[in-house]
Amino acid sequence: MYQPPDAGRWTGRIDSVSDEQAFRLHQRIRLLDLSQPLETVERAAAFIGFACDEGVRRNQGRQGAKEAPAAVKAALARLPWHLPEGVVVYDAGDVVCVDERLEQSQTELGKAVARLLKNGMASIVIGGGHETAYGHYLGVREALGPEARLGILNIDAHFDLRPYDDGPTSGTMFRQILDQDERVRYFCLGIQRLGNTAALFAAAETYGCRYMLEDELTAGPIEAAYEQIEEFAAHHDAVMLTICMDAISAAAAPGVSAPSPFGLAPSLVRALVRRIVSHPKTISVDLCEVNPLWDEGGKTVALAAAFCMEALLHFRRLQPRR
Ligand SMILES: N=CN[C@@H](CCC(=O)O)C(=O)O
Ligand SMILES: [Mn+2]
Ligand SMILES: [Mn+2]
């Protein structure tokens, strides 16, 4: 079910009502109702929420991620505005999963994302459990058309390549996508050896997935990851980024379904996000698995909001034309 944006979420501290240099996102955000005709704006981005944790429930996880779109948008509202002149940022509302209808909600999310992308906007999807990524993919594929080679970059502790004979969950999306779309390749950054069974590593092998382990990323120079990202992107017409917050250390991101004691440092993930969204082929981003009900002092929500803002600040398509 689609829910148009709620102006009440976009409130916060006001340092000045007239000095634009003192503005925060809540003073700049525009509301975009996707049930209405859309205006075309040259350099624009839109947040679309996916209030759903039905995939997490089916995957035996800790529910609560459906609260994340409201919580992350409220945290974003308070952040200072540092975007270049001329950039417009919209809240395009939320797709809400009702009555355990996961598949229908993913289709609805896909329609919303496709609409934003076809209108020339950069989309930032705020999940939801990681099942968000499947709906996000549907929208990206619809916008690109069937022929485009799509690279999916996933920052995650988990492969999410589980079998889905009993239906899709938050642990099956990339297997679903790779089974149905031969023009997709998958690269996962931050994999935890202790977060995935040997069977899941074998599935990654079978599906030809590329991955970098968390300890490989942490130990090596970040340039090694940048090189692999660059090489991966070079083989595709477009790239989408999906971020599973459990890729980050449980110390910094406790508010997730499956915390990672040896997860990545937030600054490393920030560097990866900056690098990936500043690539000219990156068209869309999602951020998933924030669970405000298991958070500690709002730190996972604050980190998620910071990553969303980093994505906005570094999206190549939002930069001034040279
Ligand atoms: N979204 C992914 N979830 C992980 C959960 C792992 C766990 O609960 O330990 C997965 O399915 O592998
Ligand atoms: Mn994960
Ligand atoms: Mn995941």
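Since the structure is predicted, the reported quantities are computational estimates derived from the model, not experimental observations.

1. Remarks on the overall build of the chain
At step 1: On a plain count of helices and strands, the chain comes out with 10 helices and 10 strands.
At step 2: The C-alpha atoms of the chain give 18 Å as radius of gyration, which agrees with the globular expectation for 322 residues (20 Å, within 12%).
At step 3: Structurally, the chain occupies a C-alpha span of about 60 × 45 × 40 Å along its principal axes.
At step 4: Taking all 322 residues of the chain together, 57% fall into the buried category.
At step 5: A separation threshold of at least 6 residues defines the contact pool for the chain, and within that pool the share at least 24 residues apart is 78%.
At step 6: Carbon together with sulfur atoms contributes 50% to the accessible area of the chain, which is approximately 13300 Å² in total.

2. Details of the site of ligand 1
At step 1: If you check the shell around ligand 1, you find Asn59, His158, Asp160, Arg162, Ser170, Gly171, Ala258 and Glu289 and nothing else.
At step 2: Take Arg162: an N or O atom from its side chain is 2.7 Å from an oxygen atom of ligand 1.
At step 3: For ligand 1, a nitrogen atom lies 2.8 Å from a polar atom in the backbone of Ser170.
At step 4: Relative to its free-state accessible area of 340 Å², ligand 1 is covered by the protein chains to the extent of 76%.
At step 5: Mapping ligand 1 onto the cavity grids shows that it belongs to the largest pocket.

3. Some remarks on the coordination of the manganese ion (ligand 2)
At step 1: Protein coordination at the manganese ion (ligand 2) comes from Asp156 (OD), His158 (ND1), Cys244 (SG), Asp246 (OD) and Asp246 (OD), with a distance range of 2.1 to 2.6 Å.
At step 2: Site description for the manganese ion (ligand 2): donor spacing in sequence, D-x1-H-x85-C-x1-D.
At step 3: The manganese ion (ligand 3) is placed at 3.1 Å from the manganese ion (ligand 2), the two being bridged by Asp156. Remark: Cys244 occurs in strand β9 (residues 238-244) and Asp156 occurs in the loop between β6 (150-155) and α5 (173-180); sequence separation between them is 88 residues.
At step 4: Here Asp156 falls in the buried class, since its relative accessible area comes to 0%.

4. Comments concerning the coordination of the manganese ion (ligand 3)
At step 1: Taken together, His130 (ND1), Asp156 (OD) and Asp160 (OD) make up the full set of protein donors to the manganese ion (ligand 3), lying 2.1 to 2.2 Å away.
At step 2: Within one chain, the residues donating to the manganese ion (ligand 3) are spaced in sequence as H-x25-D-x3-D.
At step 3: Accessibility expressed as a relative area gives 9% for Asp160, which makes it buried.

5. Concerning the UniProt feature "binding site: Mn(2+) 2" (unreviewed entry) in the chain
At step 1: In the UniProt entry, the feature "binding site: Mn(2+) 2" (unreviewed entry) is given for Asp156, His158, Cys244 and Asp246. Despite a sequence span of 91 residues, these residues sit close together in the fold, their greatest C-alpha distance being 8.5 Å. From the set just named, the residues that line the largest pocket comprise Asp156, His158, Cys244 and Asp246.
At step 2: Given a relative accessible area of 2%, Cys244 falls into the buried group.
At step 3: In this structure Cys244 touches His130, Asn154, Ile155, Asp156, Cys288 and Glu289, once residues within four positions along its chain are discounted.
At step 4: For Asp246, the location among the structural elements is in the loop between β9 and α9 (266-277).
At step 5: Look at Asp246 and you get buried, because its relative accessible area is 3%.
At step 6: Excluding residues that lie within four positions of it along the chain, Asp246 makes contacts with Asp156, Ala157, His158, Val256, Ala258 and Ser260.

6. Quick word on helix α4 (residues 132-144)
Counting along an α-helix, one turn takes 3.6 residues, and residues three or four places apart therefore face a common direction.
At step 1: Over its 13 residues, α4 extends 18 Å from the first C-alpha to the last, a length consistent with the 18 Å expected when each residue adds 1.5 Å.
At step 2: Within α4 the residues assigned to the buried category are Thr132, Ala133, Tyr134, Gly135, His136, Tyr137, Gly139, Val140 and Arg141.
At step 3: Phi turns positive one or two residues past the end of α4, at Gly145, with a value near 90 degrees.

7. Digging into the side chain of Gln106
At step 1: Mapping Gln106 onto the fold places it in helix α3 (residues 102-118).
At step 2: There is a polar contact of 3.0 Å between the side chain of Gln106 and the backbone oxygen of Glu131.
At step 3: With sequence-adjacent residues up to four places away left out, Gln106 is seen in contact with Phe50, Glu131, Tyr134, Gly135 and Leu138.

8. Regarding the UniProt feature "binding site: Mn(2+) 1" (unreviewed entry) in the chain
At step 1: In the UniProt entry, the feature "binding site: Mn(2+) 1" (unreviewed entry) is given for His130, Asp156, His158, Asp160, Cys244 and Asp246. Sequence-wise these annotated residues cover 117 residues; spatially they are packed, their C-alpha atoms never more than 12.2 Å apart. Lining the largest pocket, from the set of annotated residues above, are His130, Asp156, His158, Asp160, Cys244 and Asp246.
At step 2: Among the secondary structure elements, His130 is positioned in the loop between β5 (122-127) and α4.
At step 3: Setting aside its immediate chain neighbours within four residues, His130 contacts Asn154, Asp156, Asp160, Ser170, Met173, Phe174, Thr242, Cys244, Asp286, Cys288 and Glu289.
At step 4: Within the secondary structure, Asp160 sits in the loop between β6 and α5.
At step 5: Setting aside its immediate chain neighbours within four residues, Asp160 contacts His130, Ser170, Gly171, Thr172, Met173, Phe174 and Arg175.
At step 6: In this structure the side chain of Asp160 is engaged in a polar contact, spanning 3.0 Å, whose partner is the side chain of His130.

Criteria and thresholds
- Residues numbered from 1 in each chain as written.
- Chains lettered and ligands numbered in written order.
- Predicted model: local features only at pLDDT ≥ 70, side-chain atom pairs only at ≥ 80, totals over all residues.
- Heavy atoms only, no water.
- Helix = DSSP H or I, 4+ residues; strand = E, 2+ residues; numbered from the N terminus.
- Rg over C-alpha atoms; globule rule 2.2 N^0.38 Å.
- Buried < 20%, exposed > 50% of the residue type's maximum accessible area, 1.4 Å probe, protein only.
- Contact = heavy atoms within 4.5 Å.
- Areas by Shrake-Rupley, 256 points an atom, 1.4 Å probe, with all protein chains shown as cover.
- Near = heavy atom within 4 Å.
- Polar contact = N/O pair within 3.5 Å; in protein donor to acceptor, adjacent residues only side chain to side chain.
- 1 Å grid on protein atoms, 1.4 Å probe; cavity = no way out; pocket = protein on both sides within 12 Å on 5 of 7 lines; lining within 4 Å.
- Sits in = over half its atoms within 2 Å of the grid points.
- Donors = N, O, S within 2.8 Å, 3.2 Å for Na, K, Ca; no water.
- UniProt positions renumbered as here; feature names shortened; annotations may be inferred.
- Expected span 1.5 Å × (residues − 1).

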